[in-house]
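# Structural description and commentary
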Amino acid sequence: MNRLRRSKGPEIAGARSGAAPADRRGAEARRVPGTGPAPATRAAPGADHSANAGADPGQDRAAALVDAVRLRLAEAGAAPTAGSVAAALRASRPPLGGDDVLDAVRTLRAEMVGAGPLDQLLAAPDVTDVLVNGPDEVWVDRGGGLQRAVGVRFPDAEAVRHLAHRLATAAGRRLDDARPWVDARLPDGTRLHAVLPPIAAGCTHISLRACRTRPFTLAELVRAGSLPPAGAELLAAVLQARLSLLISGGTGTGKTTLLSALLGLVGPGERIVIAEDSAELRPAHPHVVRLQSRPPNQEGLGELTLRDLVRQALRMRPDRLVIGEVRGAEVSDLLAALNTGHEGGCGTVHANTAADVPVRLEALGSLAGLDRLSLHSQLRAALDIVVHLTRDQTTGLRRIAEIHTLAGDRNGLAVTTPAVTFTAAGTLSPGRGWERLAQLCAVRGVLLPGRPG
């Protein structure tokens, strides 16, 4: 065991550089998961402090207090709960009043098991994304585009790297020089992506996407301006008719948010099986099975791809098969499933426009060895509609832009036809594919609301 412990580098363990003193190794061995990495060794008295001459004494005292509380928790073998942190803080006897103690407890827990100075941003209900480009470069998206976070900073670049390691460890993923990036889901649902130097120039970059405690409903999306009431009625009818659909759009347009809201409309008697690379979909539904892929370990073994998950999902009696994001060879298994009686399947895909979706899937199908005509013939038979989302560059508003149906051209290739266009003002304009959409729903016993326009 000692050999194993020494063989792990500080990067993998999530620790700062520097070894723990010999008289603290026993405490280090007893550290419970979640209490964070060991603190860096402090310079001995009399050492040259010229490099830190401009350091903030308040930050030094705070760092020393965090180290002291972390050590007491490790020696006691206690989990870093609010009560245990408060007890360890009192034992350290800092000169704090009652309110200051509460603030210190929150800060210490954030430093040990939370996201440090980013905790206050992630706790805000309107925050969707938090991005860290450097110690004093923290950006936040509150639904209206990226803005600089005022008053939020890290002491130095090492603190950013330290946080990235700790979050990766909490997610059960590896982050070190051999694998300098991580894409994972934290225990609270927050999506984590981090990149270490030298891949990230200058400083570790961290991207966090906040996860709501509950998914949006269609009614809430209507109130937020993402779609008009008539659009919500149309999408509800599409779900009721069990049409197969893909939600397309660029990064951050709200594809996962809309898909979660739509899955909440599925009947309670239906079984939803979801396969994802990173578990993001959390629909408000009583019968959901969620499968998540897994990267290989340090020996390159144990990888579970999204394609593996799709194949397993087909054996789990799904009433609705859902692919969080179609991004590779799994597109062939999805199309095969939708062509063999699994109606109502859905997923998301990155594309510039709805009309670009067939071309995008064609490129993904080539990864699975599908030739062009085979892919397009399966696509025409399997997929019914494409819902495309966009994001207003001025206001940052995410909204539905258009709904397309699929058909074949004279060359046998799949092409999309606009059925409904959503304007920025919230009005609906029917297109050439409206009759096709109405027919698809009518065949399944669902009548669409009156023709818009």
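As the structure is a prediction and not an experimental result, all values here were calculated from the model.

## Topic: the sheet that holds strand 2 (residues 137-141)
Read across the open sheet, the six strands follow the order 3-2-1-6-5-4; overall the sheet is antiparallel. Edge positions in the sheet fall to strand 3 (146-148) and strand 4 (181-185), since each has one partner strand and no second. Taking the axes of each pair of neighbouring strands and ignoring which way they run, one obtains an average angle of 15 degrees across the sheet. Relative to strand 2, strand 1 (residues 129-134) is paired through five bridges, and the arrangement is antiparallel. The residue of strand 2 that forms the bridge with D129 is D141.

## Some remarks on the pairing of strand 7 (residues 245-249)
Judged by how many residues are buried, strand 7 sits mostly within the fold: five of five residues are covered. Both faces of strand 7 are covered, namely the face carrying L245, I247 and G249 and the face carrying L246 and S248. Where strand 7 and strand 11 (residues 346-350) come together, five bridges link them in parallel fashion. Bridge pairing in strand 11 links L245 to C346. Pairing of strand 7 with strand 12 (residues 385-391) involves four bridges; the strand directions are parallel. Pairing of S248 across the sheet is with H388, part of strand 12.

## Comments concerning the pairing of strand 1
For a regular strand, the rule is simple: side chains alternate between the two faces of the sheet. The pairing of strand 1 with strand 6 (residues 205-209) spans four bridges and is classified as antiparallel. Paired with L131 across the bridge in strand 6 is S207. Hairpin connection of strand 1 to strand 2: two residues between the antiparallel strands.

## Regarding the side chain of E325
With respect to the element layout, E325 can be found in the loop between strand 10 (320-323) and helix 13 (330-338). Look at E325 and you get buried, because its relative accessible area is 16%. The residues contacting E325, other than those within four sequence positions of it, are L306, E330, T348 and H350.

## Notes on the nonpolar core
Within the largest apolar cluster, 39 residues are counted, with the highest numbers of intra-cluster contacts made by L258 and L437. Broken down by element, this core gets its largest block of residues, six residues, from helix 10 (residues 229-240). Aside from chain neighbours lying at most four places away, what touches L437 is L234, V238, L243, I385, T405, A419 and L448.

Scoring rules and cut-offs
Residues numbered from 1 in each chain as written. Predicted model: local features only at pLDDT ≥ 70, side-chain atom pairs only at ≥ 80, totals over all residues. Heavy atoms only, no water. Pairing = 2+ DSSP bridges. Helix = DSSP H or I, 4+ residues; strand = E, 2+ residues; numbered from the N terminus. Axes fitted to C-alpha atoms, helices over the stretch in contact; angles between N-to-C directions. Buried < 20%, exposed > 50% of the residue type's maximum accessible area, 1.4 Å probe, protein only. Contact = heavy atoms within 4.5 Å. Core = buried A, V, L, I, M, F, W, Y, C linked by side-chain atoms within 4.5 Å.

Keep in mind these numbers describe shape, not what the thing actually does.
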